[in-house]
Amino acid sequence: MRYYIHCRKSTEADDRQILSIESQHNETLRAFGNKPSIEVVRVFEESFSAKAPGRPVFDEMMRGVERGDAEGIIAWHPDRLARNSVDAGKIIWFLDRGILKDLKFVTYTFENNPQGKLMLSLLLGQSKYYVDALSENVKRGNRTKIEMGWRPNHAPIGYLNCRDTRTIIIDPERSPIIRGVFEHMLTGTWSSRQIYEMARDEWGLRTVRHRKLGGKPVSLAGIYRILTNPFYAGTLMWNGQAYPGKHVPLVTPDEFEAVQKRLGRPHVARPKRRTFTFRGMVRCGACGMAITAEEKTNRYGSRYTYYHCTKRNITAPRCRQPAVHATDLETQILAFLERVTLPGRHHQWTLEQVRAEKPSREADESARIRLLEKALADAARKLSALIDLKLRDMIRDDEFAEKRLQLQQEQLRLRSRIEAAKAESNAFEPVADFVSFSSKAADWFRAGAVETKRLIL
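Residues numbered from 1 in each chain as written. Predicted model: local features only at pLDDT ≥ 70, side-chain atom pairs only at ≥ 80, totals over all residues. Heavy atoms only, no water.

**Examining the overall build of the protein chain**
Assigned secondary structure in the protein chain consists of 15 helices and 11 strands. The dimensions of the protein chain, computed from C-alpha atoms along their principal axes, are 105 × 65 × 50 Å. Buried positions account for 35% of the 457 residues belonging to the protein chain. In the protein chain, 61% of the contacts between residues at least 6 apart in sequence involve partners at least 24 apart. (Helix = DSSP H or I, 4+ residues; strand = E, 2+ residues; numbered from the N terminus. Buried < 20%, exposed > 50% of the residue type's maximum accessible area, 1.4 Å probe, protein only. Contact = heavy atoms within 4.5 Å.)

**Structural notes on the confidence of the model for the protein chain**
For the protein chain, per-residue confidence averages 83 on the pLDDT scale, and residues scoring 70 or more make up 94% of the total. Every residue in residues 13-18 scores below 50 in pLDDT, and together they form seven contacts with partners more than four places removed in sequence or on other chains. This model gives residues 266-272 a pLDDT under 50, and the stretch forms five contacts once residues within four places in sequence are excluded. (pLDDT = per-residue confidence, 0-100.)

**Here we look at the packing of aromatic side chains**
For the coordinates displayed, the defined rule picks out nine aromatic pairs. Judged by centre distance (5.9 Å) and plane angle (45 degrees), the rings of Phe105 and Tyr108 are tilted. Like Tyr108, Phe105 is buried. An aromatic cluster is present here, built from Tyr159, Phe182, Phe231 and Tyr232 joined pairwise through their rings. Residue placement shows Arg55 over the ring face of Phe58; its charged tip is 4.3 Å from the ring centre. Looking at Lys453, its charged tip hangs above the ring of Phe445, at a distance of 5.7 Å from the centre. (Phe/Tyr/Trp six-rings, centres within 6.5 Å; stacked < 30°, edge-to-face > 60°. Lys NZ or Arg CZ within 6 Å of the ring centre and 35° of its normal.)

**Here's the deal with the side chain of Asp171**
Along the chain, Asp171 turns up in the loop between strand S6 (167-170) and helix H6 (175-187). Here Asp171 is in contact with Gly158, Tyr159, Leu160, Pro176 and Val208, once residues within four sequence places are set aside.

**Regarding the pattern of salt bridges**
Inspection of the entire model under this criterion finds 28 salt bridges. Between Arg67 and Asp69 there is a salt bridge, with its nearest N and O atoms 2.9 Å apart. On the basis of relative accessible area, Arg67 is assigned to the exposed category, the value being 59%. Where Arg174 meets Asp171, a salt bridge forms, and the shortest distance between an N and an O atom there is 2.7 Å. Of the residues examined, Asp171 reaches a relative accessible area of 3% and is grouped as buried. (Salt bridge = Lys/Arg side-chain N within 4 Å of Asp/Glu carboxyl O.)

**Focus on a nonpolar patch on the surface**
Side chains of Leu29, Val40 and Val43 sit close together on the surface and give an oily, nonpolar patch of about 180 Å² of accessible area. Here Leu29 lies in helix H1 (residues 20-32). (Patch = residues over 30% accessible without salt bridge, like charges linked within 9 Å, V, L, I, M, F, W, Y side chains within 5 Å. Areas by Shrake-Rupley, 256 points an atom, 1.4 Å probe, with all protein chains shown as cover.)

**Re the sheet that holds strand S4 (residues 102-105)**
If you trace the four strands from one edge of the open sheet to the other, you get S2-S1-S3-S4, paired in parallel fashion. For this open sheet the edge positions go to strand S2 (39-47) and S4, each flanked by a neighbour on one side alone. Taking the axes of each pair of neighbouring strands and ignoring which way they run, one obtains an average angle of 20 degrees across the sheet. Bridge count between strand S3 (residues 72-75) and S4: four bridges; the pairing is parallel. Residue pairing across strands places Ala75 opposite Phe105, the latter belonging to S4. Against the sheet, H1 touches strand S1 (2-9), S2, S3 and S4, its axis set at about 150 degrees to S1. (Pairing = 2+ DSSP bridges. Axes fitted to C-alpha atoms, helices over the stretch in contact; angles between N-to-C directions.)

**Overview of the packing of helix H7 (residues 192-202) against helix H8 (residues 220-227)**
Remark: H7 packs on H8, axes separated minimally by 9 Å, with the N-to-C direction vectors making an angle of 105 degrees. Overall, the two elements H7 and H8 adopt an arrangement that is roughly perpendicular. Between H7, through Ser192, Arg193, Tyr196 and Ala199, and H8, the contact on the second element is made entirely by Leu220, Ile223 and Tyr224. Here the residues of the contact of H7 with H8 are counted per class, giving five nonpolar, one polar and one charged. (Parallel < 35°, antiparallel > 145°, perpendicular 65-115°, else oblique. Nonpolar A, V, L, I, M, F, W, Y, C, P; charged D, E, K, R; others polar.)

Structure follows, in structure tokens:
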């Protein structure tokens, strides 16, 4: 009788269970290869989980049996053939129809009769139960870990999985780069592609090495995944719900929300080959449309940069404002900065006033914290009321899930703001920096490069 040999391991990774298929093949040949009544016509090997139907190698083998290319199958154990009810039922159905005449296992003796098929069904059912129970245990463990504030799978780039504590810790090599990615996006000076090129070429951002995987530059899509992953703001997303994480966030929730708004701004021009200093940052004073820039070359070969209105307001009369030369625009910006520049003789006096007002600012901060705590309590009450509506079937599942997620995210933002407000015991430094900026911005703009001018604007 002609037989197929089927060998399967549960993982597709090359470096895990590397001896499993080879050992199954050797054992099946040792047990049945020398018997004259058995003709092995083909060996099928697959590295695929059998917990769900749709395995290409298994389906190809069963099509061969249905065509009559073989009448029997040899395997190490019944659970190598199937761990799901669809594939198990297909094997039993082929035995019932006589398409599959025999099964041989190294660890189990099968007879093609009602009693044998009953025992085979029990073994295949037991294999399915093992997978289902294992899956339920893993889900329960994941839920517990999420509720404790820890991500249950691989940490995203910028973090590492600590095997000793089974928690997630900061990656000292990559976390400063990830923080830099967010900071550069927040400025509005660089596009996503420019940040990606800096991270790849200048900062040397590479993925974490895992055996034979990783250690490669992060892709542009990877940068977008970083910028849109709330994990970096301290939020765990799991099955559509938000949970507060215990890992150290790299950005605040407000910074993360600002990045999301910047990524979704419809009026931001896509990056071009030519970089213009103020494109995407200025609007027309007459009609409110965006200002764009272009480079012109005169008949002598000299190049000039002009800024002009895009004139894209289709609901209003066409804008008649003329183009402005780049130097004239810079002159206007510099004149504005000089109007708001704090004179040098007032610099020290302003700093002294800031110090004198410190007690009143601290009182304001305390009042602000109380307001935030009240808002947090209100959000908790709203969430409780929402759950009560769901228990009484007064709200649809999709409405409940959407509103619950909004309230959970609001709670996480409020907790973060409360912690930040409590940590800001000394507000003098940021105010002093602002005063210094106000007194020096015009000088910095006058002597700065393109990126500096964009940052100041």
